Amino acid sequence: MHLNEYPTQIAQHRTQLLEFAQKICKARSIIQLCDHHIDYAIATDPSLKNDIQRKAVRFEMQSEEAYQTAASALQFLQDQQAQLEIFLEQIQSEFTVLKLEKRAAIAQLEAQAAQR
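Residues numbered from 1 in each chain as written. Predicted model: local features only at pLDDT ≥ 70, side-chain atom pairs only at ≥ 80, totals over all residues. Heavy atoms only, no water.

As for the nonpolar core
- Core analysis: the largest hydrophobic core is formed by 19 residues, its most contacted members being Y6, I10, I31, L74 and L77.
- Of all the secondary-structure elements, those providing two or more residues to this core are α1 (6–43) and α3 (65–115).
- Residues contacting Y6, with those up to four places away along its chain left out, are M1, I91, E94, F95 and L98. (Core = buried A, V, L, I, M, F, W, Y, C linked by side-chain atoms within 4.5 Å. Buried < 20%, exposed > 50% of the residue type's maximum accessible area, 1.4 Å probe, protein only. Helix = DSSP H or I, 4+ residues; strand = E, 2+ residues; numbered from the N terminus. Contact = heavy atoms within 4.5 Å.)

What follows is the structure, given as structure tokens:
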């Protein structure tokens, strides 16, 4: 990649990170909504006599496919976001190194010109 392409690449990856953050926020909201429904169902169920029964029902409800799908989607998004953050950091580091190499080359040319 050329030096002038790095800022665009960095901006695109930051935009993708923002999109992942928004998707993660939505996925967390879905899971929180599910948890609120579970809490409500448990709180209004008169057949649940003690905390052990309530915890068992909570575990059963959180084991249902819809909840697990939402939790898996959240984990997938978080993993993708982490990979993108690593890649962005790599691109930023490459950009920094390339700039330093260019500055060193300019400094060397200026030193050579000053010697003449």
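What about helix α2 (residues 51–62)?
- Taking 1.5 Å as the rise per residue, α2 with twelve residues should run 16 Å; its terminal C-alpha atoms sit 16 Å apart, in good agreement.
- At the N-terminal end of α2, a side-chain oxygen is found 3.1 Å from the backbone nitrogen of I52, two or three residues along, and the residue is N50. (Expected span 1.5 Å × (residues − 1). Polar contact = N/O pair within 3.5 Å; in protein donor to acceptor, adjacent residues only side chain to side chain.)

Comments concerning the packing of aromatic side chains
- Per the stated rule, a full pass over the model turns up one aromatic pair.
- One residue, K23, lies across the ring of F20, its end atom 5.6 Å from the ring centre. (Phe/Tyr/Trp six-rings, centres within 6.5 Å; stacked < 30°, edge-to-face > 60°. Lys NZ or Arg CZ within 6 Å of the ring centre and 35° of its normal.)

Remarks on the side chain of Q81
- For Q81, the position within the fold is in helix α3.
- With a relative accessible area of 19%, Q81 lands in the buried category.
- With sequence-adjacent residues up to four places away left out, Q81 is seen in contact with L17, F20, A21 and I24.

Examining α1
- Helix length check: α1, at 38 residues, gives a terminal C-alpha distance of 54 Å against a target of 56 Å (1.5 Å per residue), a fit within 8%.
- By the burial criterion, the buried members of α1 are Y6, I10, H13, L17, F20, I24, A27, I31, I38 and I42.
- Those residues of α1 that are buried are in contact with α2 and α3.

So, the pattern of salt bridges
- Per the stated rule, a full pass over the model turns up two salt bridges.
- The salt bridge involving D39 is made with R58; its shortest N-O contact spans 2.3 Å. On the criterion of sequence distance, the pair formed by D39 in helix α1 and R58 in helix α2 is long-range, its members being 19 residues apart.
- What makes D39 partly exposed here is its relative accessible area of 33%.
- Judged by relative accessible area, which is 29%, R58 ranks as partly exposed.
- Here K55 makes a salt bridge to D51, at a shortest N to O gap of 3.6 Å. In this pair, K55 and D51 are both assigned in helix α2, four residues apart and thus about one turn of the helix distant.
- When its relative accessible area of 43% is taken as the criterion, D51 is described as partly exposed. (Salt bridge = Lys/Arg side-chain N within 4 Å of Asp/Glu carboxyl O.)

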